[in-house]
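Descriptive analysis of the structure
Spelled out from the first residue to the last, the chains are:
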Amino acid sequence: MAATPKNRSWFMASNPFKMSPMWKLISYFILGIWTTIVLFPLYWLFITAFKKPIDVQAGPRYLPFIDFQPTLDTWNDLLFQQGNFVLRPYTNTIIIGIVSAILALIIGTAASYALNRFTYRPKPGLIGVFILCIVLMVVLIGVGLPWFAAVAVGLGIFFLLAQTIGKRFKGTMGNSDIAFWLISQRMLPPIAVIIPIYVMFQQASLLNTHVGVIIAYTSVNLPLVIWFMRDYFNSIPIELEESAFIDGASRYTVLWRIVLPLAMPGLIATFLIVLVFAWNEYTLALFLTGAETQTMPLLVAAQNATRGPQWWNISVLVTLMIAPIVVLAIFLERYIAKGILVGAVKG
Amino acid sequence: MQQAEDKRLTDVISVPRRAERRSIGAILDAASPNVLLLPAVVIVLVLSLFPLIVSLYLSLSRFQFVRGGFQITFIGFRNYEKLLFGSEQRHFLGKLGVIEPIWLVLLAVLGVSMAVMFFQYATSSRMKPFGLIMRVITVALTAAFALLMASTLSGEGLPGTIVVTLIFVFGSVTLQYFIGLGLALLLSQNLPGKRFFRIAFLLPMMITPVGIGFLFKMLTNTTQGPFAPLWIALGLIDYSWVQDAGTARLAVIIGDVWQWTPFMFIILLAALEGVSRETVEAGLVDGANRTQLFRFILLPEIVPVSTTLILIRLIEAFKIVDMPNILTGGGPGTATESVTLHAYNNWRALDLGLSSALSYLLLFTVTFVAMVFVNFVRHRAIEAVG
């Protein structure tokens, strides 16, 4: 992509680099309308967090100090009166979000770099055998064999067949097939895989632990990282790396010292997106967490009590949830768009 | 992490001599393709492929709780049969009605255009048996989906969860794209205060879908919400939008558009800003007018990005669940119940077999729509603007 100069105001005005005042006014007017559409719900959320229940129920009250008296009652109640009610889910969300985003970023970046710089030739025969063996394992578990016996039988047969049939077929698959397979995992509705994951985690005692949720989120977010980073690496000239190899640097040194610093904007953007996904995720959390590992989206959903939704609580909780993300987004905003874009163009 | 572990392993195996150590570094370096890629592949294998196969098995069985555990009985395609032809047909596919004339016209247009495209391919020199078979399948499935939509949406018909999901997906993705594109075009001008708009427009993407569901429930409340005076002024105080299928669906789509327009906007804006001033100036020097600038400089830049963006949003939008679940609870009746919500409700009723079968049918639909989009829209659009 060519260099990007500052002024791009060209496609609306008759002289593309100068706008008529009239057109400027219209632009601001339309942008203003959408700003209102975006900000008004957030404003409503924010003021509801400072209302008394009675002010919410009595009908709409728009302006603090004028038609209702703002109060910190709900904040006080949620944060201090109820002990760990909010604090624990909040720390859980922070820990799970940040750790899983970093893990997904590390593993995914490594994989997408590898997919970009090496040629893989997965053998269709081996893959077929592998899938057959998993099917066999599932059937054996279904029949009633203990899971470790089934896994052992499956692995045994896999190695046996891999040596015989696996190498027969000539491979016609390549990197793009691996990438597509990884990406296609995003097409699954979480509900399709949650039942087996639940049983698996139960067997491995990972239910209601931070580690379990972190593993699940990492795997869900991996394809996104690979997708976004893959073509970002494509845009980094390979010559830079080659000269480092001539100087005797190893692949890991090159990746760490040369490629990753160059890919920083992409890494930051991807990190933010993956963090937001993990931060806000609801369905997986619903199944995999318990009282100790509950995350914020679950707590928000839980405010829909039998007495009707507790608007004031919901408002406080959502405000708490978005505050750190918004601060992060303001700092990282300049990287976001460019970071995603490079991946999207060729993705 | 993986790297450190490999290092430790090789340390244990090797005899610690200087010359050996160098070669270990070399071995590790030579193994770097696998060291870098395998962790990701293993994680995805264990947490996606394995569960996917288990789910497939579950979708072919009946799941029951018995004393001391659960029992899984293999019942073949009984779950799918139930959804497509049996007692759940009305819930999943919908109630078929007599197709109205307007739909007949649309169907005819679709049918004729598909037939023309098909015969063009079948008689052309590019024709291959495999391509022909794929096209026959595509045409048949598209016709089936179109017929289903037409007949459940007209007259006596009632759309089932699959049709509702398709309405959500196409409605919200179309709106998101065009609003996002419009805003990106406006902001790619050299306007003061650009950064403020950019950050403000990004905000909805940062909120948890559950929170947005509640937020819109709060806003659309006809007695406590901010628009209550408006409802009263319009005399709609006794009218509940939740009770009407059309408005309930519209509310869900508006919520989804509000949340995901930023995604379209931010990436399209970046794509537009990638169009360099030099290119435009060169076009001006060559005497291009505005239409030509748009056609030959702007369009080739944004069409590839747009198709990828739409594909991503299509895939994600099919999984919509939080918004209808919280905003409308899937109601009135099943008017706003998406397939994922349908599967989720069956999960809660512990009918895991039916829930898995639903997930698989959704997966099938998503794959079909995504493939049609890639093969018939994306490639053509990119070639057309080339």
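The rules we used
Residues numbered from 1 in each chain as written. Chains lettered and ligands numbered in written order. Predicted model: local features only at pLDDT ≥ 70, side-chain atom pairs only at ≥ 80, totals over all residues. Helix = DSSP H or I, 4+ residues; strand = E, 2+ residues; numbered from the N terminus. Buried ≥ 20, exposed ≤ 12 C-beta atoms within 10 Å, placed from the backbone. Contact = placed C-beta atoms within 7 Å. Nonpolar A, V, L, I, M, F, W, Y, C, P; charged D, E, K, R; others polar. Core = buried A, V, L, I, M, F, W, Y, C linked by C-beta atoms within 7 Å. Domains from an automatic or database assignment. Axes fitted to C-alpha atoms, helices over the stretch in contact; angles between N-to-C directions. Parallel < 35°, antiparallel > 145°, perpendicular 65-115°, else oblique. Left-handed = near helix turned anticlockwise from the far one by under 90°.

1. Things to note about the overall build of chain A
On a plain count of helices and strands, chain A comes out with 15 helices and two strands. Counting across all 347 residues of chain A, residues that qualify as buried make up 37%. Considering only intrachain contacts with a sequence separation of at least 6, the fraction spanning at least 24 residues in chain A is 75%.

2. A short note on the interface of chain B and chain A
Listed per partner, the contact involves 96 residues of chain B and 88 residues of chain A. Among the elements that make up the side of chain B that touches chain A, the one with the highest residue count is helix H3 (residues 32–59) of chain B (19 residues). Split into classes, the residues belonging to the side of chain B that touches chain A amount to 65 nonpolar, 22 polar and nine charged.

3. A short note on the nonpolar core
Core analysis: the largest hydrophobic core is formed by 164 residues, its most contacted members being A:Val274, A:Leu317 and B:Leu268. Counting residues per element, this core draws most heavily on helix H12 (residues 245–273) of chain B, which supplies 17 residues. Leave out the neighbours within four places in its chain, and A:Leu317 touches A:Val86, A:Met296, A:Leu299, A:Val300 and A:Gln303.

4. A word on the domain arrangement of chain B
All names here are of chain B. Partitioning chain B into domains gives domain 1 (3–74), domain 2 (97–156) and domain 3 (159–385). Taking the mean C-alpha position of each, domain 1 and domain 3 sit 37 Å from one another. Residue-level contacts link eight residues of domain 1 with seven residues of domain 3. Put simply, the parts of the chain that give the side of domain 1 that touches domain 3 at least two residues each are H3 and strand S1 (61–66). Split by residue class, the side of domain 1 that touches domain 3 holds four nonpolar, three polar and one charged.

5. Considerations on unusual backbone geometry
Residue A:Asn208 is not a glycine yet carries a positive backbone phi of 60 degrees. Summarising the element assignment, A:Asn208 is placed in the loop between helix H8 (190–203) and helix H9 (210–234). One non-glycine residue with positive phi stands out, namely B:Leu350, at about 65 degrees.

6. Focus on the environment of A:Ser27
With respect to the secondary-structure elements, A:Ser27 resides in helix H1 (residues 21–48). If we skip the residues at most four places from it in the chain, A:Ser27 touches B:Leu186, B:Gln189 and B:Leu191.

7. Some words on the packing of helix H4 (residues 84–117) of chain A against helix H12 (residues 264–280) of chain A
Residues and elements named next belong to chain A. Axis separation between H4 and H12 bottoms out at 9 Å; the angle between their running directions is 135 degrees. With respect to each other, H4 and H12 are oriented oblique. At the point where H4 passes H12, the crossing takes the right-handed sense. Residues Thr93, Ile96, Gly97, Ile98, Ser100, Ala101, Ala104, Leu105 and Thr109 of H4 form the contact with H12, whose own contacting residues are Leu267, Thr270, Phe271, Val274, Leu275, Ala278 and Trp279. Residues belonging to the contact of H4 with H12 are distributed by class as follows: eleven nonpolar, five polar and no charged.

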